[in-house]
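Fold and geometry: a report
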Amino acid sequence: MVELTLTDVTKRYDDTQGTEVAVDDLSLTVEDELVVLLGPSGCGKTTTLRMIAGLETVTDGRISIDGRDVTDLHPSDRSIAMVFQDYGLYTTMSVRENMAYGLKHSTSLSASERRDRVEEMATMFGIEDLLARDVSDLSGGQKQRVALGRAMVREPDVFLLDEPLASLDAKLRSEMRTELQQLQSRLDITTVYVTHDQKEAMTMADRVVVLDGGRLQQVGPPEEVYASPTNRFVADFLGNPPMNQLPAVVVDGGPSAQGLRYAGDAAVSLGTVPASTRGVTPGDEVIAGMRPESLSLTASGPETAGAAETETTGFPGTVTVTEYQGNDNFVHFAVGDEALTAVVGPDVEFSPGERVSVHVAPEDLYLFDPATGDALS
Ligand code: ATP
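If you look the chain up in an unreviewed UniProt entry, it shows as ABC-type D-xylose/L-arabinose transporter from Salinirubrum litoreum. Its UniProt record, at the heading Subcellular location (unreviewed entry), says of the chain: "Cell membrane". One UniProt comment on the chain, placed under Function (unreviewed entry), says "Part of the ABC transporter complex XacGHIJK involved in the uptake of xylose and arabinose. Responsible for energy coupling to the transport system."

Below, the structure written as structure tokens:
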């Protein structure tokens, strides 16, 4: 069991242009699990990883591994292995030499133990037949396996991966994703993985850490973060297409529930406020969130078009563009001034200009505070 802890870690870069806060007061514990740092470009993922590795100094805060403060230790004294997107292999060496290079500092191992360790790791990554080959002759996927094998051969306490699959094509990336996942769950090694690819994060992570502007937004298992985003940023960042968000007003919906109307047109009822949402009262302005996959669209005949919409008939939209995806298709439509998207089944077809009725179950509505962006629940 290895516990990596970041406590109030901040990284500031000062230069002539001013001060850039790359990582802002980040606290996190990772223990025998694969944690993915996820967020848009510039949110501080790589800086965080480089601070853990010791490749970047920490401005404030502490980093410890199993209670040992490593904040000021040299990278080679941290029992950490890191794999980069560009592999970082020695192209003039063979696969075997590259992998053995990872053991260069392991003075406690005999030559035969090193050889055994390299072969064992090569077998684990399915590259045992490539050991004698020059690295420069390998394909991208093979190089990535060598880079992973070289990092793991040292049996590090903490494994750091910075976009390790970004250079691979889609098919190989998906294969390597599965392999890495299997490996990690077999070895149970404390792993921090950086990606901006949310699919990679959602499929691989035990927990995701969503960052924005260097600040922690939410941390939790992927399904939890997806189902219960703490704010609009997380709701927007996770999910493809992203969650629809539109301004709404809470209205008196009778004795048992409060209604929700589109702020741009009081005649458009978006449904009822979910029972789990407390603390809103009629007149409150909110942001209503709806996942594209929880919307269902039905064609609205000319006789209902323009008629007052009710909860059972849904609210009205006009299709703008449809995107064929093969399996599920995206339908983009307008509600007042808002552009929304629904994911519909492969057999459902709509054309631009077509009027639709949009249905969403109350429990699939998310409400956010328009001022802070925080979820109201
Ligand atoms: P990407 O996905 O594009 O790699 P990232 O989330 O990994 O982005 P970082 O590379 O950690 O982001 O950068 C975080 C912020 O710190 C950015 O605004 C970046 O411009 C800034 N930054 C990073 N390195 C330096 C540096 N050496 N000097 C000044 N600013 C830096």
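Quick notes on the sheet that holds strand 9 (residues 207-212)
Judged by pairing direction, the sheet is mixed, and its six strands sit side by side in the order 6-7-8-3-9-10 without closing on themselves. Of all the strands in the sheet, just strand 6 (80-83) and strand 10 (215-220) have a single pairing partner and so form its edges. If you compare each strand with its neighbour and ignore which way they point, the axes differ by 20° on average. Sheet strands in contact with helix 4 (residues 140-152) are strand 6 and strand 7 (158-162), and its direction is about 170° off that of strand 6.

Quick word on unusual backbone geometry
Glycine aside, residues mostly have negative phi, and peptide bonds are mostly found in the trans state. Going from Asn 240 to Pro 241, the amide bond is cis rather than trans, its omega being -5°. Here Pro 241 is to be found in the loop between helix 8 (232-237) and strand 11 (244-252). Its identity as a non-glycine residue notwithstanding, Asp 25 has a phi of 55°, on the positive side. Secondary-structure assignment places Asp 25 in strand 2 (residues 18-31). A tally of 14 C-beta atoms within 10 Å means that Asp 25 is categorised as partly exposed. Residues other than glycine seldom take positive phi values, yet Glu 163 does so here, at roughly 45°. Mapping Glu 163 onto the fold places it in the loop between strand 7 and helix 5 (170-187). With 19 C-beta atoms counted inside 10 Å, the residue Glu 163 sits in the partly exposed group.

Parameters and conventions
Residues numbered from 1 in each chain as written. Predicted model: local features only at pLDDT ≥ 70, side-chain atom pairs only at ≥ 80, totals over all residues. UniProt positions renumbered as here; feature names shortened; annotations may be inferred. Pairing = 2+ DSSP bridges. Helix = DSSP H or I, 4+ residues; strand = E, 2+ residues; numbered from the N terminus. Axes fitted to C-alpha atoms, helices over the stretch in contact; angles between N-to-C directions. Contact = placed C-beta atoms within 7 Å. Buried ≥ 20, exposed ≤ 12 C-beta atoms within 10 Å, placed from the backbone.

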